[in-house]
Amino acid sequence: MSNMRSVVDFIKSRFPNQEFIALHEPKFIGNEREYVIDAIDSTFVSSVGNYVNRFEEMMAKTTGTKYAVATVNGTAALHMSLVISGVKQGDEVLSQALTFVATANSISYIGADPVFIDVDKESMGMCPMALKDFLDDNAILDNGVPYNRQTKRRIGACVPMHTFGHPCKIDEIVEVCSEWSIPVVEDAAESIGSYFKSRHTGSFGLVGAFSFNGNKTLTCGGGGAIVTDSKELAELAKHLTTQAKVPHKWEFAHDMIGYNYRMPNLNAAVACAQIEQLDFFVENKRKLAKEYDAFFKDTELNFKREPIDSKSNYWLNVIEMNSVEERDDFLNFTNNEGIMTRPVWNLMSDLPVFRSCQNDGLATSRYLSDRLVNIPSSARPEKT
């Protein structure tokens with residue numbers, strides 16, 4: 001690539017006076033300190049507290065869902081989403097190989113196995129046509145229950161991901177899965193503030209799972225959330241994530257296998273302050289994406305724009321290189337210049353623990369894996 005210097009200079013001009021430019025750093029510019037001190041003064045710093053309840057109300061309102069359950073991190077949210085959706089040990093779960101490892105790990109926690117479906121180039125998320133083709137070729141309905149004809153195992157759920165905050169074609173995925181009686185669990189970890197056809201991500205499937213890790217658009221250090229329109233599933237999620245403890249004045253009664261997955265009130269205090277800034281963060285990041293888009297139009301590189309019918313939070317901006325060799329040269333050059341850039345994750349199907357899992361060939365996933373690079377995407381400048 002002949003113009004790596006111009007790319008570096010442009011990125012540095014977007015983040016001036018920074019010796020090192022991070023890929024995505026948190027911004028605490030609102031009521032974080034005030035709310036955390038208030039939580040400390042209340043003495044409710046663990047999994048019970050007003051900020052936990054408040055954050056759940058804010059998440060439900062933000063996503064347009066009826067219920068939200070706050071969790072300790074996004075992986076816990078996805079794990080619980082699968083559990084409450086009915087995934088059992090020995091099941092198979094349709095997902096994508098182009099994702100962060102937490103997606104596949106969450107499936108494995110239950111004792112289920114992922115089956116990897118290809119993505120489309122536009123959204124970098126699960127391709128509904130690839131999903132349809134896989135099911136037509138490999139699935140069968142037995143008394144309304146979907147099974148994999150090859151393995152004879154039940155297909156317990158489908159987990160598409162909104163990659164880098166760009167919505168996948170989630171409506172088509174839900175439509176395909178409904179024909180096969182497969183519940184959809186949206187991995188919306190990266191997509192807070194993203195919309196598809198004017199609906200927030202996470203609100204299309206049976207449940208959706210979000211992450212608020214330190215590198216996300218909103219963060220509370222750790223943190224996650226489950227959203228759903230089902231009161232029954234929301235109550236089950238809250239029960240399971242609080243060690244399945246049956247309410248009682250003094251007895252320790254637990255009626256199911258539970259998990260210590262509730263978000264602490266201290267984290268929730270930060271989360272409430274962060275979600276108050278969501279509109280600012282998203283619009284700020286979309287402005288940066290627009291600047292990147294204009295710049296890369298004059299290069300041989302492809303800046304990944306939000307898909308059609310979408311409003312993306314542009315969590316991590318992405319450029320598509322022309323070859324794996326060019327990608328590696330770019331990564332080496334930019335990181336040596338003090339600019340954090342990263343390749344997309346290793347395909348899940350290449351990891352030793354998931355290498356034996358069934359996949360559909362993953363041609364587009366492989367193509368993108370060799371070429372995608374994330375570039376600095378933090379909100380800027382500081383809000384005053």
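Residues numbered from 1 in each chain as written. Predicted model: local features only at pLDDT ≥ 70, side-chain atom pairs only at ≥ 80, totals over all residues. Heavy atoms only, no water.

**Q** Is there a simple way to explain unusual backbone geometry in this structure?
**A** In terms of backbone geometry, most residues other than glycine have negative phi values and most peptide bonds are trans. Although it is not a glycine, Thr43 sits at a positive phi angle of roughly 70 degrees. Residue placement: Thr43 occurs in the loop between helix H2 (32-42) and helix H3 (50-63). The exposed category is assigned to Thr43, whose relative accessible area is 62%. For Ser198, which is not glycine, the phi torsion reads 70 degrees and is therefore positive. Inspection of the secondary structure assignment puts Ser198 in the loop between strand S8 (195-196) and strand S9 (199-200). (Helix = DSSP H or I, 4+ residues; strand = E, 2+ residues; numbered from the N terminus. Buried < 20%, exposed > 50% of the residue type's maximum accessible area, 1.4 Å probe, protein only.)

**Q** Would you mind showing me how to read empty space enclosed by the protein here?
**A** Which parts of space are left empty comes out when a probe the size of a water molecule is rolled across the atoms. Per the counting criterion, the structure on display carries one cavity of 30 Å³ or more. Put simply, the largest cavity is a space of about 60 Å³. Taken together, His24, Glu25, Pro26, Lys27, Lys216, Thr217, Leu218, Thr219, Gln274, Phe281, Lys285 and Ala379 make up the lining of the largest cavity. Considering only residue class, the lining of the largest cavity consists of four nonpolar, four polar and four charged. (1 Å grid on protein atoms, 1.4 Å probe; cavity = no way out; pocket = protein on both sides within 12 Å on 5 of 7 lines; lining within 4 Å. Points joined across faces, edges and corners; volume = space filled by probe spheres on them. Nonpolar A, V, L, I, M, F, W, Y, C, P; charged D, E, K, R; others polar.)

**Q** I'm lost on the layout of surface pockets in this one. Help?
**A** The calculated volume of the largest pocket comes to roughly 510 Å³. Lining the largest pocket are 27 residues, with Phe100, Asn213, Asn215, Lys216 and Trp315 positioned closest to its centre. Going through the elements one at a time, helix H4 (74-84), helix H5 (101-109) and strand S17 (342-343) are the ones with two or more residues in the lining of the largest pocket. Looking at which element gives the most residues to the lining of the largest pocket, the answer is H4, with three residues. Considering only residue class, the lining of the largest pocket consists of 11 nonpolar, 12 polar and four charged.

**Q** Is there a simple way to explain the environment of Arg5 in this structure?
**A** With respect to the helices and strands, the residue Arg5 is situated in helix H1 (residues 4-14). Separated by 335 residues in sequence, Arg5 and Met340 have C-alpha atoms that sit 15 Å apart. Ignoring anything within four residues of it in the chain, the contact list for Arg5 reads Phe333 and Glu337. (Contact = heavy atoms within 4.5 Å.)

So yeah, pure geometry; function would need other evidence.
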